[in-house]
Amino acid sequence: MPSLLGVFAHPDDESLLAGGVLAQHAAGGARTRVITATWAPDSHRAAELAEALTVIGAGPPRMLGYRDARNDASAPESPRFCDAPVDEVIVQLVAQLRELRPDIVVTHDAVGQLTGHPDHRHTHRVTLLAVQAAGLAHLYPNAGEPWQIRSLYAATHPHSGVGALGPLLTDVGKTVLSVPDEYVTTTVDVTTWADQKWRAITAHRGEVARARSLPGILTRLPEDTRRTIISTEHFTRLSALPVPGNPHQLTT
(Lines give C-alpha, C1' and ligand atoms only; values in the text may rest on other atoms or scores of the structure.)
Protein backbone atom coordinates (compact mmCIF):
# COMPACT_ATOMS: atom_id res chain seq x y z
CA MET A 1 0.00 0.00 0.00
CA PRO A 2 1.65 3.32 -1.06
CA SER A 3 2.22 6.12 1.42
CA LEU A 4 -0.37 8.88 1.30
CA LEU A 5 -0.31 12.59 2.15
CA GLY A 6 -3.46 14.68 2.29
CA VAL A 7 -3.21 18.46 1.86
CA PHE A 8 -6.43 20.17 2.89
CA ALA A 9 -7.66 23.63 3.80
CA HIS A 10 -9.47 23.14 7.11
CA PRO A 11 -9.70 20.70 9.98
CA ASP A 12 -12.48 18.21 9.01
CA ASP A 13 -11.79 18.39 5.24
CA GLU A 14 -9.46 15.39 5.58
CA SER A 15 -12.14 13.24 7.23
CA LEU A 16 -15.02 14.30 4.98
CA LEU A 17 -13.19 14.08 1.65
CA ALA A 18 -10.62 11.32 2.11
CA GLY A 19 -11.15 9.80 5.55
CA GLY A 20 -11.90 6.44 3.98
CA VAL A 21 -8.81 6.19 1.80
CA LEU A 22 -6.60 7.55 4.58
CA ALA A 23 -7.90 4.83 6.90
CA GLN A 24 -7.56 2.25 4.11
CA HIS A 25 -3.91 3.07 3.50
CA ALA A 26 -3.11 3.19 7.21
CA ALA A 27 -4.77 -0.22 7.69
CA GLY A 28 -2.59 -1.54 4.88
CA GLY A 29 0.54 -0.53 6.74
CA ALA A 30 1.25 2.62 4.71
CA ARG A 31 2.49 5.87 6.23
CA THR A 32 -0.34 8.41 6.06
CA ARG A 33 -0.15 12.06 7.02
CA VAL A 34 -2.25 15.24 6.65
CA ILE A 35 -1.26 18.89 6.21
CA THR A 36 -3.90 21.48 7.14
CA ALA A 37 -3.55 25.01 5.83
CA THR A 38 -5.71 27.01 8.25
CA TRP A 39 -6.45 27.40 11.96
CA ALA A 40 -3.90 28.02 14.67
CA PRO A 41 -2.13 25.02 16.23
CA ASP A 42 -3.40 26.08 19.68
CA SER A 43 -7.06 26.41 18.62
CA HIS A 44 -9.88 24.07 19.67
CA ARG A 45 -10.08 22.78 16.13
CA ALA A 46 -6.45 21.69 16.26
CA ALA A 47 -7.26 19.45 19.22
CA GLU A 48 -10.24 18.01 17.34
CA LEU A 49 -8.07 17.46 14.28
CA ALA A 50 -5.53 15.55 16.37
CA GLU A 51 -8.31 13.24 17.58
CA ALA A 52 -9.65 12.70 14.07
CA LEU A 53 -6.20 11.90 12.67
CA THR A 54 -5.63 9.39 15.44
CA VAL A 55 -8.87 7.65 14.51
CA ILE A 56 -7.90 7.26 10.84
CA GLY A 57 -4.23 6.57 11.54
CA ALA A 58 -2.79 9.69 9.91
CA GLY A 59 -0.28 10.80 12.53
CA PRO A 60 -0.15 14.10 14.43
CA PRO A 61 -1.48 17.36 12.92
CA ARG A 62 0.75 19.37 10.59
CA MET A 63 -0.81 22.82 10.51
CA LEU A 64 0.41 25.83 8.52
CA GLY A 65 -1.57 28.08 10.86
CA TYR A 66 -3.13 30.56 8.43
CA ARG A 67 -6.46 32.28 8.96
CA ASP A 68 -9.60 30.85 7.41
CA ALA A 69 -10.97 33.20 4.72
CA ARG A 70 -14.36 33.17 6.43
CA ASN A 71 -13.39 33.04 10.11
CA ASP A 72 -11.09 35.66 11.59
CA ALA A 73 -11.03 33.85 14.95
CA SER A 74 -9.34 30.82 13.37
CA ALA A 75 -5.86 32.35 13.61
CA PRO A 76 -6.17 36.01 14.69
CA GLU A 77 -2.44 36.70 14.58
CA SER A 78 -1.87 35.24 11.11
CA PRO A 79 -2.73 36.42 7.59
CA ARG A 80 -5.60 34.90 5.70
CA PHE A 81 -4.43 31.83 3.81
CA CYS A 82 -5.64 33.29 0.51
CA ASP A 83 -3.69 36.52 1.16
CA ALA A 84 -0.36 34.99 2.21
CA PRO A 85 2.51 35.28 -0.31
CA VAL A 86 2.29 32.27 -2.60
CA ASP A 87 6.02 31.52 -2.40
CA GLU A 88 5.80 31.53 1.40
CA VAL A 89 3.09 28.86 1.32
CA ILE A 90 4.75 26.79 -1.40
CA VAL A 91 8.12 26.57 0.35
CA GLN A 92 6.39 25.24 3.47
CA LEU A 93 4.61 22.59 1.45
CA VAL A 94 7.78 21.71 -0.46
CA ALA A 95 9.64 21.22 2.83
CA GLN A 96 6.88 18.90 4.08
CA LEU A 97 6.83 16.93 0.82
CA ARG A 98 10.60 16.50 0.90
CA GLU A 99 10.50 15.45 4.55
CA LEU A 100 7.59 13.02 4.28
CA ARG A 101 8.38 11.73 0.75
CA PRO A 102 4.87 10.40 0.02
CA ASP A 103 4.00 8.21 -2.96
CA ILE A 104 0.56 9.82 -3.36
CA VAL A 105 -0.79 13.29 -2.58
CA VAL A 106 -4.52 14.01 -2.28
CA THR A 107 -5.91 17.55 -2.17
CA HIS A 108 -8.99 19.60 -3.09
CA ASP A 109 -10.30 19.89 -6.63
CA ALA A 110 -10.16 23.07 -8.72
CA VAL A 111 -13.76 24.11 -7.99
CA GLY A 112 -13.29 23.78 -4.24
CA GLN A 113 -15.55 20.80 -3.67
CA LEU A 114 -19.30 21.21 -3.35
CA THR A 115 -19.32 24.63 -1.71
CA GLY A 116 -16.45 26.29 -3.59
CA HIS A 117 -14.79 27.63 -0.45
CA PRO A 118 -11.94 29.99 -1.45
CA ASP A 119 -9.53 28.20 0.90
CA HIS A 120 -10.30 24.91 -0.86
CA ARG A 121 -9.54 26.41 -4.26
CA HIS A 122 -6.34 28.03 -3.04
CA THR A 123 -5.17 24.79 -1.46
CA HIS A 124 -5.63 23.09 -4.83
CA ARG A 125 -3.53 25.74 -6.57
CA VAL A 126 -0.63 25.85 -4.15
CA THR A 127 -0.49 22.07 -3.78
CA LEU A 128 -0.13 21.60 -7.53
CA LEU A 129 2.70 24.15 -7.58
CA ALA A 130 4.41 22.60 -4.56
CA VAL A 131 4.23 19.06 -5.96
CA GLN A 132 5.98 20.23 -9.12
CA ALA A 133 8.56 22.30 -7.23
CA ALA A 134 9.40 19.55 -4.73
CA GLY A 135 10.97 17.44 -7.46
CA LEU A 136 13.20 20.18 -8.87
CA ALA A 137 16.54 20.64 -7.09
CA HIS A 138 16.98 24.26 -8.17
CA LEU A 139 13.68 25.33 -6.62
CA TYR A 140 13.78 26.00 -2.87
CA PRO A 141 17.17 24.27 -2.41
CA ASN A 142 17.11 24.95 1.34
CA ALA A 143 13.86 23.04 1.80
CA GLY A 144 15.40 19.57 1.66
CA GLU A 145 16.43 16.99 -0.90
CA PRO A 146 14.17 16.87 -3.99
CA TRP A 147 11.29 14.42 -3.96
CA GLN A 148 8.96 13.53 -6.83
CA ILE A 149 5.65 11.97 -5.85
CA ARG A 150 4.22 9.21 -8.02
CA SER A 151 0.54 10.22 -8.12
CA LEU A 152 -1.57 13.31 -7.45
CA TYR A 153 -5.32 13.13 -6.86
CA ALA A 154 -8.01 15.76 -6.33
CA ALA A 155 -10.95 14.78 -4.15
CA THR A 156 -14.10 15.73 -6.03
CA HIS A 157 -17.84 15.13 -6.57
CA PRO A 158 -19.24 14.11 -9.97
CA HIS A 159 -22.64 15.41 -11.08
CA SER A 160 -24.09 11.91 -10.73
CA GLY A 161 -22.54 11.38 -7.30
CA VAL A 162 -23.93 14.41 -5.46
CA GLY A 163 -27.12 12.52 -4.65
CA ALA A 164 -28.70 13.35 -1.31
CA LEU A 165 -26.02 15.92 -0.49
CA GLY A 166 -27.36 18.39 -3.05
CA PRO A 167 -30.69 19.25 -1.43
CA LEU A 168 -29.18 19.05 2.04
CA LEU A 169 -26.74 21.81 1.14
CA THR A 170 -29.18 24.00 -0.77
CA ASP A 171 -31.64 23.77 2.12
CA VAL A 172 -29.11 25.63 4.30
CA GLY A 173 -28.33 28.19 1.59
CA LYS A 174 -25.11 26.70 0.22
CA THR A 175 -24.11 26.28 -3.39
CA VAL A 176 -23.55 22.85 -4.89
CA LEU A 177 -20.57 22.61 -7.22
CA SER A 178 -19.75 19.31 -8.91
CA VAL A 179 -17.76 18.24 -11.97
CA PRO A 180 -18.72 16.30 -15.11
CA ASP A 181 -18.66 12.56 -14.52
CA GLU A 182 -15.86 12.11 -17.06
CA TYR A 183 -13.57 14.21 -14.82
CA VAL A 184 -13.68 11.49 -12.17
CA THR A 185 -10.97 8.88 -12.73
CA THR A 186 -11.21 6.94 -9.46
CA THR A 187 -14.16 5.99 -7.28
CA VAL A 188 -13.31 4.18 -4.06
CA ASP A 189 -15.78 2.12 -2.04
CA VAL A 190 -14.75 2.83 1.55
CA THR A 191 -17.63 0.97 3.22
CA THR A 192 -15.13 -1.12 5.19
CA TRP A 193 -13.77 2.05 6.77
CA ALA A 194 -17.07 3.98 7.01
CA ASP A 195 -17.42 3.60 10.78
CA GLN A 196 -13.85 4.73 11.29
CA LYS A 197 -14.42 7.66 8.92
CA TRP A 198 -17.57 8.67 10.78
CA ARG A 199 -15.75 8.63 14.12
CA ALA A 200 -13.14 10.94 12.58
CA ILE A 201 -15.81 13.30 11.25
CA THR A 202 -17.58 13.49 14.60
CA ALA A 203 -14.29 14.18 16.37
CA HIS A 204 -14.69 17.67 14.89
CA ARG A 205 -17.28 18.49 17.54
CA GLY A 206 -17.33 22.21 16.87
CA GLU A 207 -18.42 21.57 13.28
CA VAL A 208 -20.92 18.89 14.29
CA ALA A 209 -22.62 21.49 16.50
CA ARG A 210 -23.06 23.94 13.60
CA ALA A 211 -26.33 23.63 11.70
CA ARG A 212 -24.90 24.66 8.31
CA SER A 213 -21.69 22.68 8.37
CA LEU A 214 -21.50 19.35 6.55
CA PRO A 215 -20.65 17.38 9.73
CA GLY A 216 -23.68 18.97 11.40
CA ILE A 217 -25.92 18.16 8.43
CA LEU A 218 -24.71 14.56 8.31
CA THR A 219 -25.28 14.11 12.03
CA ARG A 220 -28.99 14.86 11.64
CA LEU A 221 -29.51 12.23 8.92
CA PRO A 222 -30.80 8.69 9.40
CA GLU A 223 -27.86 6.35 9.86
CA ASP A 224 -28.45 4.39 6.65
CA THR A 225 -28.62 7.58 4.54
CA ARG A 226 -25.49 8.97 6.15
CA ARG A 227 -23.61 5.72 5.69
CA THR A 228 -24.48 5.66 1.99
CA ILE A 229 -23.17 9.21 1.57
CA ILE A 230 -19.84 8.68 3.34
CA SER A 231 -19.07 5.21 1.94
CA THR A 232 -17.91 6.40 -1.49
CA GLU A 233 -15.05 8.78 -2.27
CA HIS A 234 -14.38 10.23 -5.71
CA PHE A 235 -11.06 11.47 -7.10
CA THR A 236 -9.54 12.90 -10.27
CA ARG A 237 -6.00 11.79 -11.01
CA LEU A 238 -3.84 14.70 -12.13
CA SER A 239 -0.41 14.70 -13.72
CA ALA A 240 2.38 14.78 -11.16
CA LEU A 241 5.15 13.95 -13.65
CA PRO A 242 6.00 15.16 -17.18
CA VAL A 243 3.78 13.33 -19.66
CA PRO A 244 5.56 11.77 -22.68
CA GLY A 245 4.65 13.31 -26.02
CA ASN A 246 6.00 13.82 -29.52
CA PRO A 247 9.68 14.79 -29.04
CA HIS A 248 9.68 17.06 -32.11
CA GLN A 249 6.43 19.03 -31.94
CA LEU A 250 3.57 20.05 -29.70
CA THR A 251 0.62 17.69 -29.89
CA THR A 252 -2.89 17.66 -28.50
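Just so it is clear, the model here is predicted, and its values are computed rather than measured.

**Overview of the pattern of salt bridges**
All chains considered together, the criterion is met by 10 salt bridges. Arg205 is the partner of Glu51 in a salt bridge, and the nearest nitrogen-oxygen pair spans 2.9 Å. With Glu51 in helix H2 (residues 44-56) and Arg205 in helix H7 (residues 205-208), this residue pair connects regions lying 154 residues apart in the sequence. On the basis of relative accessibility, which here comes to 46%, the residue Arg205 falls in the partly exposed class. Note that Asp72 and Arg67 form a salt bridge whose closest N and O atoms lie 3.3 Å from each other.

**Some remarks on helix H6 (residues 194-202)**
For the α-helix, the turn length of 3.6 residues means that residues three or four positions removed from each other point alike. Every buried residue of H6 is listed here: Ala194, Lys197, Trp198, Ala200 and Ile201. Down the axis of H6, the sector holding all buried residues measures 160°, keeping them to one side. Packing partners of the buried residues in H6 comprise helix H1 (13-27), H2, H7, helix H8 (214-219), helix H9 (223-230) and strand S7 (232-238).

**Examining the sheet that holds strand S2 (residues 32-38)**
With respect to topology, seven strands assemble into an open sheet ordered S3-S2-S1-S4-S5-S7-S6, the strand pairing being mixed. Strands at the two margins of the open sheet, each flanked by one partner only, are strand S3 (62-66) and strand S6 (186-189). Neighbour-to-neighbour, the strand axes of the sheet open up by a mean angle of 25°, direction not taken into account. Of the strand pairs in this sheet, strand S5 (residues 151-156) and S7 are connected by five bridges, and their pairing is antiparallel. Each bridged residue has a counterpart across the sheet, and for Ala155 the counterpart in S7 is Phe235. Together, strand S1 (4-8), S2, strand S4 (104-108), S5 and S7 form the strand contacts of helix H4 (residues 118-134), whose direction differs from that of S4 by roughly 150°.

**Quick look at the packing of H1 against H6**
Contact geometry for H1 and H6: axes closest at 9 Å, N-to-C directions at 140°. Considering their axes alone, H1 and H6 lie oblique with respect to each other. Handedness of the crossing formed by H1 with H6: right-handed. On H6, the residues that touch Ser15, Leu16, Gly19, Gly20 and Ala23 of H1 are Gln196, Lys197, Ala200 and Ile201. When its residues are assigned to classes, the contact of H1 with H6 shows four nonpolar, four polar and one charged.

**Brief notes about the packing of H1 against H2**
Across the interface, H1 lies against H2 with an axial gap of 8 Å and an inter-helix angle of 35°. Counting all contacts with H1, which are made through Glu14, Ser15, Gly19, Leu22, Ala23 and Ala26, the residues of H2 involved are Leu49, Ala52, Leu53 and Ile56. For the contact of H1 with H2, the class distribution of residues is seven nonpolar, two polar and one charged.

**A few points about the pairing of S5**
Within S5, six of the six residues are buried, leaving the element largely enclosed by the surrounding structure. Pairing of S4 with S5, which is carried by five bridges, proceeds in the parallel orientation. Each bridged residue has a counterpart across the sheet, and for Val106 the counterpart in S5 is Tyr153. As for the winding sense of the linkage, the β-α-β connection from S4 through H4 to S5 is right-handed.

**What to know about helix H3 (residues 86-100)**
Under the 1.5 Å per step criterion, the end-to-end length of H3 is 21 Å for 15 residues, consistent within 8% with the ideal 21 Å. Buried residues of H3: Val89, Ile90, Leu93, Val94, Gln96, Leu97, Arg98 and Leu100, and no others. At the C-terminal side of H3, Arg101 shows a positive phi close to 50°.

**Considerations on the packing of aromatic side chains**
One pass over the structure, following the stated rule, counts two aromatic pairs. Where Tyr66 meets Phe81, the ring centres are 5.7 Å apart and the plane angle is 40°; that geometry is what we call tilted. Linking Tyr66 in strand S3 with Phe81 in the loop between S3 and H3, this pair joins segments that are 15 residues apart in sequence. Seen in terms of ring centroids, Tyr153 and Phe235 are 6.5 Å apart; in terms of plane orientation they differ by 85°. Their pairing is edge-to-face. Separated by 82 residues along the polypeptide, Tyr153 in strand S5 and Phe235 in strand S7 bring together distant segments of the chain. As far as the burial class goes, Tyr153 and Phe235 line up, both buried. Over the ring of Trp39 we find Arg45; its NZ or CZ atom is 5.0 Å from the centre of that ring.

Calculation criteria
Residues numbered from 1 in each chain as written. Predicted model: local features only at pLDDT ≥ 70, side-chain atom pairs only at ≥ 80, totals over all residues. Heavy atoms only, no water. Salt bridge = Lys/Arg side-chain N within 4 Å of Asp/Glu carboxyl O. Helix = DSSP H or I, 4+ residues; strand = E, 2+ residues; numbered from the N terminus. Buried < 20%, exposed > 50% of the residue type's maximum accessible area, 1.4 Å probe, protein only. Arc of directions from axis to C-beta. Contact = heavy atoms within 4.5 Å. Pairing = 2+ DSSP bridges. Axes fitted to C-alpha atoms, helices over the stretch in contact; angles between N-to-C directions. Parallel < 35°, antiparallel > 145°, perpendicular 65-115°, else oblique. Left-handed = near helix turned anticlockwise from the far one by under 90°. Nonpolar A, V, L, I, M, F, W, Y, C, P; charged D, E, K, R; others polar. Right-handed = clockwise from strand over helix to strand, strands pointing away. Expected span 1.5 Å × (residues − 1). Phe/Tyr/Trp six-rings, centres within 6.5 Å; stacked < 30°, edge-to-face > 60°. Lys NZ or Arg CZ within 6 Å of the ring centre and 35° of its normal.

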